[in-house]
Amino acid sequence: FIEIVVGLSSIGAAAVLISPRLVAAEIKFMCDDARVRVVFVEAALEDMVRAIDFATVERFIVVGKDYEDWLHRAQPAPP
């Protein structure tokens, strides 16, 4: 979690933190309102989140499944 939030801030992107207790309609509203393009999601919530028809989401990254592969493909950057 910290790695994702700090990484986003280092590139000037804002994190939209969403409680796993929210229902799909609330998640959709928050993501659409913030014009979210990438969703990092826990594997346990993947099916529910992928079923949402987001207006701006382009990619889902499943933490614990896709995340490590995605991280290894990243290019190094100065601290």
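Refer to the structure above for everything that follows.
Throughout this description, residue numbers start from 1 for each chain and increase along the sequence as written. Only residues with pLDDT of 70 or above have their local features reported here, since the model is predicted, and side-chain atom pairs are shown and tallied only from 80 upward, although totals for entire chains, interfaces and linings are computed over all residues. As a rule here, side-chain values come from all non-hydrogen atoms in the structure, and water together with hydrogens is ignored.

Quick question: what am I supposed to make of the overall build of the protein here?
To qualify as a helix, a DSSP run of H or I must reach at least 4 residues; to qualify as a strand, a run of E must reach at least 2; elements of each kind are numbered from the N terminus. A count of helices and strands for the protein gives four helices and two strands. The order of helices and strands in the protein, counted from the N terminus, is α-α-β-α-β-α. Taken along its principal axes, the extent of the C-alpha atoms in the protein is 40 × 25 × 20 Å. Think of it in three bands: with a 1.4 Å probe and only protein chains considered, a residue is buried below 20% of the maximum accessible area for its type, exposed above 50%, and partly exposed in between. The buried share of the protein, reckoned over its 79 residues, is 20%. Of the side chains in the protein, 8 bear a positive and 12 a negative charge, and the two mean positions are spaced by 3 Å. This count recognises Lys and Arg as positive and Asp and Glu as negative, with His and chain-terminal groups excluded. Each charge is placed at NZ for Lys, CZ for Arg, CG for Asp and CD for Glu.

For this particular structure, what's the right way to read the layout of surface pockets?
Of the two site types, the cavity is a set of points on a 1 Å grid over the protein atoms alone where a 1.4 Å probe fits but cannot get out, and the pocket is an open set with protein on both sides within 12 Å along at least five of seven lines, each lined by residues with an atom within 4 Å of a point. Grid points are joined across faces, edges and corners, and a volume is the space filled by probe spheres set on the points. Within this model, the largest pocket holds a volume of roughly 1,400 Å³. Lining the largest pocket are 43 residues, and of these Ile 4, Val 5, Leu 8, Val 38 and Phe 40 sit closest to its centre. Among the elements of the structure, helix H1 (2-10), helix H2 (24-34), strand E1 (38-42), helix H3 (46-50), strand E2 (59-63) and helix H4 (66-72) are those that each provide at least two residues to the lining of the largest pocket. Take the lining of the largest pocket: its biggest share by element is six residues, from H1. Residue polarity follows a fixed list, in which Ala, Val, Leu, Ile, Met, Phe, Trp, Tyr, Cys and Pro are nonpolar, Asp, Glu, Lys and Arg are charged, and the others, Gly among them, are polar. Here the residues of the lining of the largest pocket sort into 33 nonpolar, four polar and six charged.

What am I meant to see in the pairing of E1 here?
Looking down a regular strand, the side chains alternate between one sheet face and the other. Side chains Val 39 and Val 41 project from E1 onto a buried face, and the interleaved Val 38, Phe 40 and Glu 42 project onto a face without burial. Strands are labelled as partners when DSSP assigns at least two bridges between them. Pairing of E1 with E2, which is carried by five bridges, proceeds in the parallel orientation. In the strand pairing of E2, Val 39 is matched with Phe 60.

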